[in-house]
Amino acid sequence: MILRPSCRAVTCLSRQCRPLSTSYLRLAAKKSPAPSPSSAPRPSPPPSPLDDEVPPPEGQGPLAHAPRYYGRPHQEFTPTPLSRPIGMPHPPQAGENRGIDTRTLKQRRDDFVDYEKHLARRKKLTSVASRPYFRDWRNMRFHKGKTFLAPPRPFKASVSLYFPNLYGRTLAGPHADTTPLLRGRASVVSVFSSMWAQRQAESFSADAALRGVLDGSGGRAQLVQINVEEDALKALLIRLFSWSLRRRVGRADWGRYLLLRKGLTDEIRESIGVLNGRVGYTYLVDHQCRIRWAGSGDADDGEKESLAKGLQRVLKEMEEEGVEEEGVGEPVVEKEV
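We now turn to the structure provided with this report. Numbering of residues begins from 1 in every chain and follows the order in which that chain's sequence is written. Per-residue local features are limited, in this predicted model, to residues with pLDDT of at least 70; the limit for side-chain atom pairs, both in listing and counting, is 80 or more; totals at the level of whole chains, interfaces and linings are taken over all residues. No hydrogens and no water enter the side-chain calculation; it runs on all heavy atoms of the structure.

### As for the overall build of the protein chain
Consideration 1: Regarding its fold elements, the protein chain presents 12 helices and 8 strands.
Consideration 2: The classification of residues rests on relative accessible area computed with a 1.4 Å probe and restricted to protein chains. Under 20% of the type maximum is buried, over 50% is exposed, and intermediate values are partly exposed. The buried share of the protein chain, reckoned over its 337 residues, is 41%.
Consideration 3: By sequence separation, contacts in the protein chain at least 24 residues apart represent 80% of the contacts at least 6 residues apart.
Consideration 4: Carbon and sulfur atoms form 57% of the exposed surface of the protein chain, whose accessible area is close to 20300 Å². Only DSSP runs of H or I with at least four residues qualify as helices, and only runs of E with at least two residues qualify as strands; both kinds are numbered from the N terminus onward. In this description, contact between two residues means that some pair of their heavy atoms is separated by no more than 4.5 Å. Only the protein chains shown count as cover for residues, and all accessible areas are computed by the Shrake-Rupley method using a 1.4 Å probe.

This is the structure we're talking about:
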């Protein structure tokens, strides 16, 4: 006699032979002893976007210790005099750093589909987006934003670095490069991007002793002002009210007042020490576009004196080198691109 198993028995048997469910596996994993800390490798924490920033990284150059608009915040900071020259390593050329895309449509298409360039663009955008917006304002609490102290004497011409070529609209109307404007003359260059920064720069340029050297140079020395405004809306407002700037600057200096929109890259900011966009910076640039002296923030009496004496020294070097004494004419300008 053959006995057939009932449906209930078959169901019980199938339940006993069913593999362990995932819940049982999780429970077993929890009960299993964890490896010792010495034997288990510790995963490294993911890198912070603030740790991978524009070159050169923190820890290099004469301004390695200064607070920046990126990186880790500083709790305290005391500016120190520049110990080494700052600037670009190569002489500037007109046409550089204009911020104008000159690629053809085919080149733009090839760059758009290039995966390596896509990763580079994404890395750059991540770096920019991760920067704290109010970092520059918070760094203003350190000595009113003063990034460094001016050197007591100008740097030697043989070891000095170069002021970069910048491109912007002059108050006279056309666009112009700074290199033809600076070459062949001793220049006091002010770089600022706000009324606060402009007042700081004017604490250097409006000094009576410096103005006396500028006025008595016979046209071989000049004051160049660069107003940086990378925000499109604010730049439009400045352009709409440029009549007020013209009235304040004076017709003779319209060609030496530049409104800069693009071209001041992170690399250039690092090289010339423009580490805070809310601070004014002043440079003494010789006739070969070399930065011989630099100051930041509000000027103290010693810095004003060293700038005036430094300008006199550069003028003397120009005389010894036989640089012609000629009046400062209008800069080399060209039509808007």
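### Overview of the side chain of Glu317
Consideration 1: Assignment of secondary structure puts Glu317 in helix α12 (residues 301-321).
Consideration 2: Glu317 gets classed as buried once you look at its relative accessible area, which sits at 16%.
Consideration 3: A polar contact of 2.9 Å, which involves the side chain of Glu317, links it to the side chain of Arg292. Two N or O atoms count as a polar contact when they lie within 3.5 Å, although within protein this holds only if one can serve as hydrogen donor and the other as acceptor, and sequence-adjacent residues are included solely when both atoms are side-chain atoms.

### Observations regarding the pattern of salt bridges
Consideration 1: By definition, a salt bridge exists where a carboxyl oxygen of Asp or Glu is found within 4 Å of a side-chain nitrogen of Lys or Arg. Following the criterion strictly, the structure yields 12 salt bridges and no others.
Consideration 2: When the shortest N-O distance is used, the salt bridge between Lys309 and Glu305 registers 3.0 Å. Taken together, the positions of Lys309 and Glu305, both in helix α12 and 4 residues apart, correspond to about one turn of that helix.
Consideration 3: We classify Glu305 as partly exposed; its relative accessible area is 44%.
Consideration 4: Ionic contacts of the salt-bridge type, sharing partners, join the residues Asp286, Arg290, Arg292, Arg313 and Glu317 into one network.

### Focus on the packing of helix α9 (residues 232-240) against helix α10 (residues 242-249)
A pair of packed helices is characterised by two quantities: the angle between their axes and the separation of those axes.
Consideration 1: Orientation of α9 relative to α10, taken along the N-to-C sense of each, is 55°, at an axis distance of 4 Å. Classed by the angle they form, the pair α9 and α10 counts as oblique. Judged by residue contacts, Ile238, Arg239 and Leu240 of α9 engage Ser242, Trp243 and Leu245 from α10.
Consideration 2: Each residue is assigned to one of three groups, with Ala, Val, Leu, Ile, Met, Phe, Trp, Tyr, Cys and Pro labelled nonpolar, Asp, Glu, Lys and Arg labelled charged, and all others, Gly among them, labelled polar. Its residues assigned to classes, the contact of α9 with α10 shows 4 nonpolar, 1 polar and 1 charged. Helix axes are fitted to C-alpha atoms over the stretch in contact, other axes to C-alpha atoms as well, and angles between N-to-C directions run from 0 to 180 degrees. Roughly parallel covers angles under 35 degrees, roughly antiparallel covers those over 145, roughly perpendicular covers 65 to 115, and oblique covers all other angles.

### Things to note about the packing of helix α8 (residues 208-215) against α12
Consideration 1: Two numbers describe how α8 lies on α12: the axes approach to 8 Å, and their chain directions differ by 20°. Taken as axis vectors, α8 and α12 run roughly parallel relative to one another. In the crossing of α8 with α12, the sense of the turn from one axis to the other is left-handed. For the pair α8 and α12, the contacting residues are Ala209, Leu210, Val213 and Leu214 in the first and Leu307, Ala308, Leu311, Gln312 and Leu315 in the second.
Consideration 2: Looking at the contact of α8 with α12 residue by residue, the class counts come to 8 nonpolar, 1 polar and no charged. Each crossing gets its hand from how the near helix is turned against the far one by less than a right angle, where anticlockwise is left-handed and clockwise is right-handed.

### A closer look at the environment of Leu275
Consideration 1: Along the chain, the position of Leu275 falls in the loop between α11 (266-272) and β6 (281-285).
Consideration 2: Taking the C-alpha atoms as reference, Leu275 lies 8.0 Å from Ala66; in sequence the two are 209 residues apart.

### Points about unusual backbone geometry
Consideration 1: In the Ramachandran plot, Asn97 falls in the positive-phi region, its phi being about 55° despite a non-glycine side chain.
Consideration 2: Summarising the element assignment, Asn97 is placed in the loop between α2 (22-31) and α3 (105-113).
Consideration 3: Of the residues examined, Asn97 reaches a relative accessible area of 27% and is grouped as partly exposed.
Consideration 4: With a phi close to 65°, Cys289 is a non-glycine residue in the positive phi region.
Consideration 5: Secondary-structure assignment places Cys289 in the loop between β6 and β7 (291-296).
Consideration 6: Of the residues examined, Cys289 reaches a relative accessible area of 2% and is grouped as buried.

Just distances and angles here, no functional claims.
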